[in-house]
Amino acid sequence: MSIRHALFTLISTLVLACSAAQGTAAPQRPESAAPQQQDESGPPAGAMAPKRFVDAGSYLTSSAELDAWYGILIDLKDDFDAVCGDTFCEGDYSNYEPLRFRCSVEEHAGTIGTCVWVLAASNEDILPSTGEVEVDARIFRCVMPLAPETPVSDLIEALSTPGERAIHAALPGTGRSLYDGLADCL
C-alpha cells in the first residue's frame, strides 16, 4: 500500500469516526424535490427553503467520494509545488505555501457554491547589523473560476482525471482551470 493511499484511508476513517463520535450524521441528499411540510418555525408549506451550504468534505458520504476528495486535496498541494518555481514563486514573494483548498456545497442540490484556495506568501531578510529577521508576509484568498451550480460530483471527476494534474484540469462548464484561478489571483 502506498503512503498516499494509506493517508487517504486514514483521513477518510478519521472524518467518519469524528462524525460518529460527535453524534452527527453526514448530510443526506433528498430523494425527491417535492416540497415538504415544514414545522411552524420554518417557511410556510410550498415555500422555497433557504439554501444551506456545507463543506465539501462534510457533504460527501461514500468512501469512494471521500477518498477521491481527500486525494485531490493532497494532489493539489503537490501540483502547486510542481508549478510554483517556474511561475508564481518568481513574483513579489519568494516563499509560497498552499494552506487550504475548500469548497462549499449546497446540501440539497449538491452543487458548488464557491471554491477558495488560500495561500500564504512571504519574504524573509536578515538584517546584518542586528541579526533580526525581517518578514514581509501576505495571505491570498483565491476564488476559483467555477461555473455556477457545478455539481460537486462533476468537480471531483474533473480533478481526478488520470494522467493529468488536478491544477491543470478543465473545470466543468468552463474553459478554465484552478491554475488559471491562481494566475488571476497571485
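Residues numbered from 1 in each chain as written. Predicted model: local features only at pLDDT ≥ 70, side-chain atom pairs only at ≥ 80, totals over all residues. Heavy atoms only, no water.

## A short note on the packing of helix H3 (residues 63-84) against helix H4 (residues 152-159)
Logical step 1: In the contact formed by H3 and H4, the axes pass within 10 Å of each other and the chain directions differ by 55°. Judged by the angle between their axes, H3 and H4 are oblique. H3 and H4 meet at a crossing whose hand is left-handed. On H4, the residues that touch Glu65, Ala68, Trp69 and Ile72 of H3 are Leu155, Ile156 and Leu159.
Logical step 2: Here the residues of the contact of H3 with H4 sort into six nonpolar, no polar and one charged. (Axes fitted to C-alpha atoms, helices over the stretch in contact; angles between N-to-C directions. Helix = DSSP H or I, 4+ residues; strand = E, 2+ residues; numbered from the N terminus. Parallel < 35°, antiparallel > 145°, perpendicular 65-115°, else oblique. Left-handed = near helix turned anticlockwise from the far one by under 90°. Contact = heavy atoms within 4.5 Å. Nonpolar A, V, L, I, M, F, W, Y, C, P; charged D, E, K, R; others polar.)

## Structural notes on the state of the cysteines
Logical step 1: Evaluated as defined, the whole model comprises two disulfides.
Logical step 2: Covalently, Cys103 is tied to Cys115 through a disulfide, its sulfur atoms 1.9 Å apart. Classification of the bridge connecting Cys103 and Cys115 rests on its S-S torsion, roughly 110°, and on that basis the disulfide is right-handed. Taken together, the residues span a long stretch of sequence, with Cys103 in strand S2 (residues 95-106) and Cys115 in strand S3 (residues 111-126) at a distance of twelve residues.
Logical step 3: Taking relative accessible area as the criterion, Cys103 reaches 2% and is therefore assigned buried.
Logical step 4: A relative accessible area of 1% means that Cys115 is categorised as buried.
Logical step 5: With its sulfur 2.1 Å from that of its partner, Cys142 forms a disulfide with Cys185. For the disulfide bridge between Cys142 and Cys185, the dihedral angle about the S-S bond is near -75°, and by the sign convention the bridge is left-handed. One end of the pair, Cys142, is in strand S4 (residues 133-143); the other, Cys185, is in helix H5 (residues 178-185), with 43 residues separating them in the sequence.
Logical step 6: Overall, the relative accessible area of 25% leaves Cys185 in the partly exposed class. (Disulfide = S-S within 2.5 Å. Buried < 20%, exposed > 50% of the residue type's maximum accessible area, 1.4 Å probe, protein only.)

## Some words on the confidence of the model for the protein
Logical step 1: In the predicted model, the protein carries a mean pLDDT of 81, and the fraction of residues at 70 or more is 75%.
Logical step 2: Long-range and interchain partners of residues 1-40, a stretch whose pLDDT sits below 50, account for 30 contacts in this model, where long-range means more than four residues apart. (pLDDT = per-residue confidence, 0-100.)

## Regarding the pattern of salt bridges
Logical step 1: Overall, the coordinates contain six salt bridges when judged by the stated rule.
Logical step 2: One salt bridge connects Glu97 with Lys77, and the closest N-O pair in it is separated by 2.6 Å. Here Lys77 lies in helix H3 and Glu97 lies in strand S2, a separation of 20 residues in the sequence.
Logical step 3: Assessed through its relative accessible area of 34%, Glu97 is described here as partly exposed.
Logical step 4: By relative accessible area, Lys77 is classed as partly exposed at 33%.
Logical step 5: The shortest N-O distance in the salt bridge between Arg176 and Asp184 comes to 2.6 Å.
Logical step 6: Of the residues examined, Arg176 reaches a relative accessible area of 31% and is grouped as partly exposed.
Logical step 7: Looking at Asp184, the relative accessible area reads 56%, which means it is exposed. (Salt bridge = Lys/Arg side-chain N within 4 Å of Asp/Glu carboxyl O.)

## Here we look at the side chain of Glu106
Logical step 1: Looking at the secondary structure, you find Glu106 in strand S2.
Logical step 2: Of the side chains bearing the opposite charge, Lys51 lies closest to the buried Glu106, which forms no salt bridge; the N-O distance is 6.5 Å.
Logical step 3: Within the structure, the side chain of Glu106 is placed 3.3 Å from the backbone nitrogen of Arg52, a separation counted as a polar contact.
Logical step 4: At a separation of 3.1 Å, a polar atom in the side chain of Glu106 contacts the main-chain amide nitrogen of His108.
Logical step 5: If we ignore the near neighbours within four places in the chain, the residues touching Glu106 are Lys51, Arg52, Phe53, Tyr59 and Thr111. (Lys, Arg positive; Asp, Glu negative; His and termini not counted. Polar contact = N/O pair within 3.5 Å; in protein donor to acceptor, adjacent residues only side chain to side chain.)

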